[in-house]
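Results of the structural survey
Each chain is listed here by its residues.
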Amino acid sequence: MSEERQLAKMTGWAGLFLEPGETIRVAAWGPSSELAYLIGAGSGRIAAVTERHVYVFESPLWGRMSRPRGVVAKHPVGSVRMRLNGWALHIGDERMVVHLHHRGRARRIIGLAADISRPDLIPPENQRVG
């Protein structure tokens, strides 16, 4: 399934939690903690960015087909500090583990969620040169 089609499905699944007119531009899936990852149990998290907000959704599963079942955090774009540190994606006070194959998506979430007029919101370790 193409990424565009996957994001359209994700927007539909998250529709109850999104504001009218919002569509998910990029999303990353993963467990809520390293311990959950190691023991193979625990709830999942979905980090997603729309045109206006950054969301952290709760989900019962960790994979790409998991559906959001609630909002853990919601922030206007450009209003929250985010960083990717090792396996952990930090969004404000929330954190989630990002699978290695989702690190590119996590970086895109950080980039889309940053307010370009405030470059201090993108930590140096998440900025790419060139």
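It should be emphasised that the depicted structure is a prediction, and the values quoted were computed from it without experimental measurement. (Residues numbered from 1 in each chain as written. Predicted model: local features only at pLDDT ≥ 70, side-chain atom pairs only at ≥ 80, totals over all residues. Heavy atoms only, no water.)

Let us now look at the environment of S32. Following the sequence through the fold, S32 ends up in the loop between β1 (26–31) and α2 (34–39). The spacing of S32 and R45 is 13 residues in sequence and 5.5 Å in space, taken between C-alpha atoms. In this structure, S32 is in contact with S43, G44, R45, R95 and M96, ignoring residues within four places of it in sequence. (Helix = DSSP H or I, 4+ residues; strand = E, 2+ residues; numbered from the N terminus. Contact = heavy atoms within 4.5 Å.)

Turning our eyes to something else, we now look at the pattern of salt bridges. Under the criterion given, the structure shown has three salt bridges. Between E19 and K74 there is a salt bridge, with its nearest N and O atoms 2.8 Å apart. In this pair, E19 is assigned in the loop between α1 (3–13) and β1 and K74 in strand β4 (residues 70–76), connecting sequence segments 55 residues apart. The salt bridge involving E58 is made with R69; its shortest N-O contact spans 3.2 Å. With E58 in strand β3 (residues 53–59) and R69 in the loop between β3 and β4, the pair connects residues that are 11 residues apart, well separated along the chain. Taking the relative accessible area as the measure of exposure, E58 reaches 28% and is therefore partly exposed. Overall, R69 belongs to the partly exposed group, its relative accessible area being 47%. Three or more residues are tied together by salt bridges with common partners; here these are E19, R52 and K74. (Salt bridge = Lys/Arg side-chain N within 4 Å of Asp/Glu carboxyl O. Buried < 20%, exposed > 50% of the residue type's maximum accessible area, 1.4 Å probe, protein only.)

Of the positions making up α1, those classed as buried are Q6, L7, M10, T11 and W13. Buried residues of α1 fall within an arc of 160° about the axis and therefore sit on the same side. More than 90 degrees from the buried face of α1, the exposed residues found are E4, R5, A8 and G12. Tucked into the core, α1 has its buried residues touching β1, β2 (44–49) and β3. (Arc of directions from axis to C-beta.)

With that settled, consider the packing of aromatic side chains. Counted under the stated rule, the structure contains two aromatic pairs. Both rings, one in F17 and one in F57, keep their centres 6.0 Å apart while their planes meet at 45°; by these two values the pair is tilted. Separated by 40 residues along the polypeptide, F17 in the loop between α1 and β1 and F57 in strand β3 bring together distant segments of the chain. Seen from their ring centres, Y55 and F57 are 5.2 Å apart, and the 5° between their planes marks the pair as stacked. (Phe/Tyr/Trp six-rings, centres within 6.5 Å; stacked < 30°, edge-to-face > 60°.)

For the rest of this paragraph, the subject is the pairing of strand β7 (residues 94–97). In this sheet, β7 lies alongside strand β6 (residues 88–91) in antiparallel orientation, the contact comprising four bridges. Following the sheet pairing, A88 is matched in β7 by V97. Linking β6 back to β7 in an antiparallel pair, the connection comprises two residues, with G92 at a positive phi of about 60°. (Pairing = 2+ DSSP bridges.)

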